[in-house]
Amino acid sequence: MNYMLILIATLKIIKTKINKLQEAMGVPTSHSTKRTIIFKSKEDASITDCNERTLIRRRVLINNSLPYDSWMVKHPSALHSFDRLMKSAMGMRIIVFLDYDGTLSPIVNDPDRAFMSDEMRAAVCEVATYFPTAIISGRSREKVKDFVKLNNLYYAGSHGMDIMAPSMALESSNGKHYDMALNTTKGNGVPFQPAKKFLPAIQQIVRRLENEVKDIKGARVEDNGFCLSVHFRQVQEQDYGVLEKKVKRVLEENPQFRLSEGKKVLEIRPSIEWNKGNAVEYFLDILGLNTASSNILPLYIGDDRTDEDAFKVIKRRGQGYPIVVSSIPRETNAFYSLRDPSEVLIFLTKLAKWIKTSSSSSISKPPCP
Ligand SMILES: O=P(O)(O)OC[C@H]1O[C@H](O[C@H]2O[C@H](CO)[C@@H](O)[C@H](O)[C@H]2O)[C@H](O)[C@@H](O)[C@@H]1O
C-alpha cells in the first residue's frame with residue numbers, strides 16, 4: 001500500500017515537472033493558460049537543441065491521445081512512401097516548392113544565423129536543375145536568397161508577397177528535364193509585390209516596434225520587407241505578456257495590418273488576401289503550369305503554419321504532394337510528413353537521384369556544387 005502511495009506521489013511530481021517544462025517551451029499543457037497568444041505558441045518541431053527535442057519527444061509519448069505513430073498513419077513519412085510517390089509521379093511534371101526556416105535550415109536562436117548546410121544547398125541545387133523550384137519564405141526575399149545562394153531557382157519573400165518571377169513562361173524541355181532559362185541576377189526577373197502600397201507604413205511600424213521593445217531583453221524585430229517579425233525565442237517568459245501588449249498596441253494603431261503567430265515569433269503583415277498559397281498559384285501561372293492538365297504535380301515542403309495555405313491549395317487541386325515537416329503530431333492539411341530538415345535533405349537527394357535514374361534522355365551535368 002505504502003509503495004503504491006509513493007508511486008502515485010512520484011508520478012504526480014514528474015507530471016508537474018513536465019508540465020512546467022512544457023510551459024517554459026511554449027507548448028500548451030492540460031492546465032496551461034491561454035490568456036496570451038504567446039502561451040498558445042506552437043511547438044518547435046525542428047528545434048536543434050537536443051535537450052529540447054528530447055523533451056518534445058517525451059511529451060509525445062506522454063500524450064496518449066495523439067502519439068506520433070498514430071499521427072503518421074494519417075500523414076505517412078514521405079521517405080517511407082517515396083517509391084510509391086514516385087511511381088505515381090512517373091510522366092508527371094513536378095514543380096518543387098520549399099519553405100526555408102525549419103525546412104531547409106534548422107530552427108536556431110539567432111534568426112541571422114539560420115544557415116543551411118552545404119549538403120542541403122547541393123541537394124536543392126540539383127533538384128532545381130531538374131524541376132522548376134521555388135523557395136517561399138516569410139523572410140525578406142533578399143535575405144532568404146543570401147542564405148540559399150543559388151541562382152537556378154525562384155524566390156518569394158514576405159510569405160509570398162514579394163515574388164521574383166521570370167519575365168516569360170518557361171517550358172520544360174521534354175517533361176523530364178527542366179531547361180534552365182532562369183537568370184534573375186542579370187535583371188531578367190520581374191518583381192510581383194501585391195502589398196507594395198503598405199511599404200511606407202511597414203517601415204514606420206518596424207521603427208516604432210524597435211523602439212517599443214528595446215527594453216525587453218532578448219526581443220527582436222526583423223524587417224521582412226512586406227511584413228515583419230517580432231521574435232521572442234530569447235525573451236524571458238515573465239516578459240512575454242508585456243511584449244505581446246506592446247505589439248498589440250502598435251497593431252491597434254494600424255488596423256490595415258494583422259497579427260499571426262509562428263514559432264516563437266509574432267508576425268505583422270498587411271491584411272490583404274495574399275499568402276503562400278496564392279504564391280504557389282502565381283508561380284504555377286507564370287510557369288504555364290496552372291492548367292487543368294492532369295500531369296502537373298506540385299510538391300510543397302514546409303514546417304510552419306503559414307505553409308498550411310500552400311498545402312490547402314495543393315489539396316484543392318486534387319493533385320500534388322503537400323509535405324509537412326514536424327517531429328510532433330499537429331493539425332495539418334499536408335498528406336505526408338518529414339521529421340526535420342535532415343529528413344528533408346534525404347528526401348531531396350532521393351528526388352534528384354530518382355529523376356536522374358528514371359530519365360532516359362541524356363541530361364547535362366547539373367551546374368551544382
Ligand atoms: O516561412 P519561413 O521561411 O519558415 O520563415 C518563417 C520565419 O522564420 C524565421 O523565424 C524562425 O526561425 C528562426 C531561425 O531558426 C528562429 O530563431 C525563430 O524563432 C523562428 O520563428 C524568420 O526569422 C522569421 O522572420 C520568419 O517569419
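It should be emphasised that the depicted structure is a prediction, and the values quoted were computed from it without experimental measurement.

Undergrad: Please clarify how the site of the ligand should be interpreted in this entry.
TA: Around the ligand, a shell composed of 22 residues is seen, among which Val108, Glu222, Arg233, Lys263 and Glu267 lie nearest. Contact between the ligand and arginine 233: an oxygen atom at 2.7 Å from a side-chain N or O atom of the residue. Interatomic distance of 2.7 Å between a side-chain N/O atom of lysine 276 and an oxygen atom of the ligand. Relative to its unbound accessible area of 570 Å², the ligand is 99% covered by the protein chains. Mapped by element, the contributors of at least two residues to the shell around the ligand are strand 7 (228-231) and strand 9 (265-270). A breakdown of the residues in the shell around the ligand according to their chemical character gives seven nonpolar, six polar and nine charged.

Undergrad: Even after reading the chapter, I still don't get the packing of aromatic side chains, so can you show me in this structure?
TA: Here a ring pair, both rings aromatic, is described through the centre-centre distance and the interplanar angle of the planes. Inspection of every chain in the model, using the stated rule, returns 14 aromatic pairs. Ring centres of phenylalanine 97 and phenylalanine 283 lie 6.2 Å apart, and the angle between their planes is 45°; on these two criteria the pair is classed as tilted. One end of the pair, phenylalanine 97, is in strand 1 (residues 93-98); the other, phenylalanine 283, is in helix 9 (residues 276-286), and 186 residues separate them in sequence. Accessibility expressed as a relative area gives 0% for phenylalanine 283, which makes it buried.

Undergrad: Just checking my understanding: could you explain the nonpolar core for this structure?
TA: Considering soluble globular proteins, one finds that nonpolar side chains tend to be buried as a cluster. Grouped together as the largest cluster of nonpolar side chains are 55 residues, with contacts concentrated most on Phe97, Leu209, Leu228 and Phe283. Once you skip the residues sitting within four places of it in the chain, phenylalanine 97 turns out to touch Ala134, Ile136, Val280, Phe283, Leu284, Pro298, Leu299, Tyr300 and Ile301. With 45 residues, the next largest nonpolar core counts Met92, Val144, Leu299 and Cys368 among its residues.

Conventions we followed
- Residues numbered from 1 in each chain as written.
- Predicted model: local features only at pLDDT ≥ 70, side-chain atom pairs only at ≥ 80, totals over all residues.
- Heavy atoms only, no water.
- Near = heavy atom within 4 Å.
- Polar contact = N/O pair within 3.5 Å; in protein donor to acceptor, adjacent residues only side chain to side chain.
- Areas by Shrake-Rupley, 256 points an atom, 1.4 Å probe, with all protein chains shown as cover.
- Helix = DSSP H or I, 4+ residues; strand = E, 2+ residues; numbered from the N terminus.
- Nonpolar A, V, L, I, M, F, W, Y, C, P; charged D, E, K, R; others polar.
- Phe/Tyr/Trp six-rings, centres within 6.5 Å; stacked < 30°, edge-to-face > 60°.
- Buried < 20%, exposed > 50% of the residue type's maximum accessible area, 1.4 Å probe, protein only.
- Core = buried A, V, L, I, M, F, W, Y, C linked by side-chain atoms within 4.5 Å.
- Contact = heavy atoms within 4.5 Å.

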